[in-house]
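Structural characterization, general
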Amino acid sequence: MDFDDFAAAVLPALGAPIGEGDLDLLRFVAAAFAPAIDALDAVDLRDLDPEPGLDPSRAP
Amino acid sequence: MSHPQDLGLRAQARAVADGSLDAGELLDATLERLAERDGELNSTPVVFAEEARAMLAAAPDGPLRGVPLTLKDMFTTPWRGAHSGTSRELLPPGASGVFERLREAGAVIAGVAQQHELGMGTTGRASVWGPARNPHDLERCAGGSSGGSGSAVAAHLIAGSIGSDSGGSSRIPAAYCGVVGLKTTWGSVPRAGYTGGVSTFSAAGAFGRDAADTRLLAEVLTARELPAGDGAGLRCGVVREPFWDDLDPEVEARCREAVEAAGWEVVELELDRVELAGAAAASRLAPELLAGLDLSILPELDPATRALTQFALLTPAVRMVRADRVRAHLRREIARAFERADVLAWPTSPAPPPRVDAPVVELPSGTALADPPNLRQATLANLTGVPGISVPVGEAGGLPAGLQLLAPWGEEARLLDAAEHLDATLGSDPNVASPPAPGAQSSTHPG
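Analysis parameters
- Residues numbered from 1 in each chain as written.
- Chains lettered and ligands numbered in written order.
- Predicted model: local features only at pLDDT ≥ 70, side-chain atom pairs only at ≥ 80, totals over all residues.
- Helix = DSSP H or I, 4+ residues; strand = E, 2+ residues; numbered from the N terminus.
- Rg over C-alpha atoms; globule rule 2.2 N^0.38 Å.
- Buried ≥ 20, exposed ≤ 12 C-beta atoms within 10 Å, placed from the backbone.
- Contact = placed C-beta atoms within 7 Å.
- Nonpolar A, V, L, I, M, F, W, Y, C, P; charged D, E, K, R; others polar.
- Pairing = 2+ DSSP bridges.
- Axes fitted to C-alpha atoms, helices over the stretch in contact; angles between N-to-C directions.
- Core = buried A, V, L, I, M, F, W, Y, C linked by C-beta atoms within 7 Å.
- pLDDT = per-residue confidence, 0-100.
- Expected span 1.5 Å × (residues − 1).
- Arc of directions from axis to C-beta.

1. Topic: the overall build of chain A
Of the regular secondary structure elements, chain A holds 2 helices and 0 strands. The C-alpha atoms of chain A give a radius of gyration of 17 Å, which is well past the 10 Å a tight globule of 60 residues would have. Principal axes of the C-alpha set define a box for chain A whose edges measure 45 × 25 × 20 Å. Taken over 60 residues, chain A has a buried fraction of 22%.

2. As for the overall build of chain B
Along the backbone of chain B there are 14 helices and 15 strands. Taken against the 2.2 N^0.38 rule, which gives 22 Å for 447 residues, the C-alpha radius of gyration of chain B at 20 Å falls within 12% of a compact globule. Projecting the C-alpha coordinates of chain B onto the three principal axes gives extents of approximately 55 × 55 × 40 Å. Buried positions account for 63% of the 447 residues belonging to chain B. Look at the contacts in chain B between residues 6 or more apart in sequence, and 77% of them connect residues 24 or more apart.

3. Quick word on the environment of B:T70
Residues and elements named next belong to chain B. Relative to the elements of secondary structure, T70 occurs in strand 2 (residues 68-72). Since 29 C-beta atoms lie within 10 Å of it, T70 is described here as buried. With 137 residues separating them in the primary sequence, T70 and F207 have C-alpha atoms 9.9 Å apart. In this structure T70 touches T44, A110, G111, V112, A113, G148, S149, A152, I158 and S161, once residues within four positions along its chain are discounted.

4. Side note on the interface of chain B and chain A
In this assembly, 42 residues from chain B lie in contact with 32 residues from chain A. Of all the elements in the fold, those that place two or more residues in the side of chain B that touches chain A are helix 10 (277-290), helix 11 (303-313), helix 12 (317-337) and helix 13 (371-384) of chain B. Considering only residue class, the side of chain B that touches chain A consists of 23 nonpolar, 10 polar and 9 charged.

5. Thoughts on the sheet that holds strand 11 (residues 343-347) of chain B
Residues and elements named next belong to chain B. The 11 strands are arranged 1-3-2-6-8-7-14-15-11-9-10 in an open sheet whose pairing can be described as mixed. Looking at strand neighbours, the two that pair on one side only are strand 1 (46-47) and strand 10 (265-269), the edges of this open sheet. As defined by bridge partners, strand 7 (residues 180-183) adjoins strand 14 (residues 388-396) across 3 bridges and the pair is classed as antiparallel. Among the inter-strand pairings, K183 is bridged to a residue of strand 14, identified as G388. Helix-sheet contacts for helix 5 (residues 147-154) involve strand 2, strand 3 (108-113), strand 6 (160-165), strand 7 and strand 8 (203-208), and the interaxial angle to strand 6 is about 155°.

6. Brief notes about the nonpolar core
One broad rule of soluble globular proteins: the nonpolar side chains tend to lie buried together. Counting 147 residues, the largest nonpolar core has B:V108, B:I109, B:V343, B:L405 and B:A419 as its most contacted members. Each residue touching B:V343, except ones within four places of it in the same chain, is listed here: B:L234, B:C236, B:G237, B:L405, B:L406, B:A407, B:R414, B:L415 and B:A418.

7. Observations concerning the pairing of strand 5 (residues 137-141) of chain B
Residue and element names in this part refer to chain B. Here strand 4 (residues 133-134) pairs with strand 5 via 2 bridges, running antiparallel. Pairing of R133 across the sheet is with C141, part of strand 5. The turn linking strand 4 back onto strand 5 is made up of 2 residues.

8. Considering helix 11 of chain B
Taken across its 11 residues, helix 11 of chain B has 10 buried, putting it largely inside the fold. For helix 11 of chain B, the full list of buried residues reads B:A304, B:T305, B:R306, B:A307, B:L308, B:T309, B:Q310, B:F311, B:A312 and B:L313. Those residues of helix 11 of chain B that are buried lie in contact with helix 1 (3-13) and helix 2 (22-42) of chain A together with helix 10 of chain B.

9. Digging into the confidence of the model for chain B
Residue and element names in this part refer to chain B. Overall, the prediction assigns chain B a mean pLDDT of 95, with 96% of residues at 70 or greater. Scored below 50 in pLDDT, residues 439-447 makes 13 contacts in the model with residues more than four places away or belonging to other chains. Scoring the predicted complex yields pTM 0.96 and, for the interface, ipTM 0.95.

10. Digging into helix 9 (residues 249-262) of chain B
Residues and elements named next belong to chain B. With 14 residues, helix 9 should cover 20 Å at 1.5 Å per step; its first-to-last C-alpha distance of 20 Å lies within 8% of that length. Among the residues of helix 9, V251, E252, R254, C255, A258 and A262 are the ones counted as buried. All buried residues of helix 9 lie within an arc of 165° about the axis, which places them on one face of the element. Exposed and facing more than 90 degrees away from the buried side of helix 9 are P249 and E260. The positive-phi residue at the C-terminal boundary of helix 9 is G263, with phi of around 75°.

Structural data, given as structure tokens:
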């Protein structure tokens, strides 16, 4: 399933309407963020420990 | 005689307190200036004349007694709900925590500051009211999402404004408009009645024409004293990659010159995997903000915001978990960095403000949409929770440029010390004539 088909199937199921031309812009946005997102998706997490109870108001 | 809005926030508060400026006359002059000058700027699309007069009549004798401010559309007041720059009331009317802090200080809310819809943009161009424009060039963006705050303070329509910051939304408009913008430590300001209150990234922000004015506003927001100290002898951490890379050459030069002029000890630092901060923040932040949103609003949004929203809705759960792991790692990394540096510094935005009709920036790597590189520069503070500030450091291509500083959690005072030192070094003065503004009457300018 390509990106357009995936978006067209998933978004309405989430209650998010898709209008004419939306997929073109969505594809553009996805491409703009793709390098950074792809890097996040590819990062090796084995040495990145979680922070249970993460509290952004204070240092870990 | 100069117009009272050509006085900075401290000067207004002092003048009202010592009786040399009547608070009623200050409010009337502010409302007149908004009516005369805000047309094309579009910084303050909703003005509260009656409500402001009622607040003034009941204002207690606090540090901001009788001083008008504007408030971003993400915060509720007792008479207006929060709309976040959309046509929908997303939170009902009521006294938000921020409103209560301002009211207790004696401040007067004069209007709603324009914002990028849903807080999902760094340009300020998409809003139910239309774009906020930059007073330095009306064809340029004021920044976002708190664009109306930056624009109004820079244009001397108001001396202080309350914004918020989920991914640079106070720091970026401040940089674009040439004013000071502070992001507070996450959780240091009450979150009730704030549409960003559902997010672990979003924090209230304060705008002033200089760092000392911003300190006064921050003390009110955080309800604690932020005593001024020496900002000269600090250790300034510089993280070259990625924050000093791929920048507009003039922005890079102004920021580098500012750090040099400050005379700080420069400490070269590396933060492991910090290049993932932008993606980690975007992958976590947008779903947090959108989780409670009625998605039937989508057809009403600007096409770009709608596309960003749809993109966020497609975020897989496993990516959010990845983002959380990166976030935890970067929190440890930045805590480690603050063992060697008092503040961290890099350009707030990598390029001057883009055009309203073409929100792209020119970088050495090529033409880019403004949002991704802005988020790259801004989101580490939101991801980790630390406070950040943007300080004007001169012009790039005839438009303002800002240097961003970060400090450890709860260290707003240190951040403001550093910013005040920069102001003093670079010669900032909040009590000067306003920049030329559309509809300006020459008689309202001093001198």
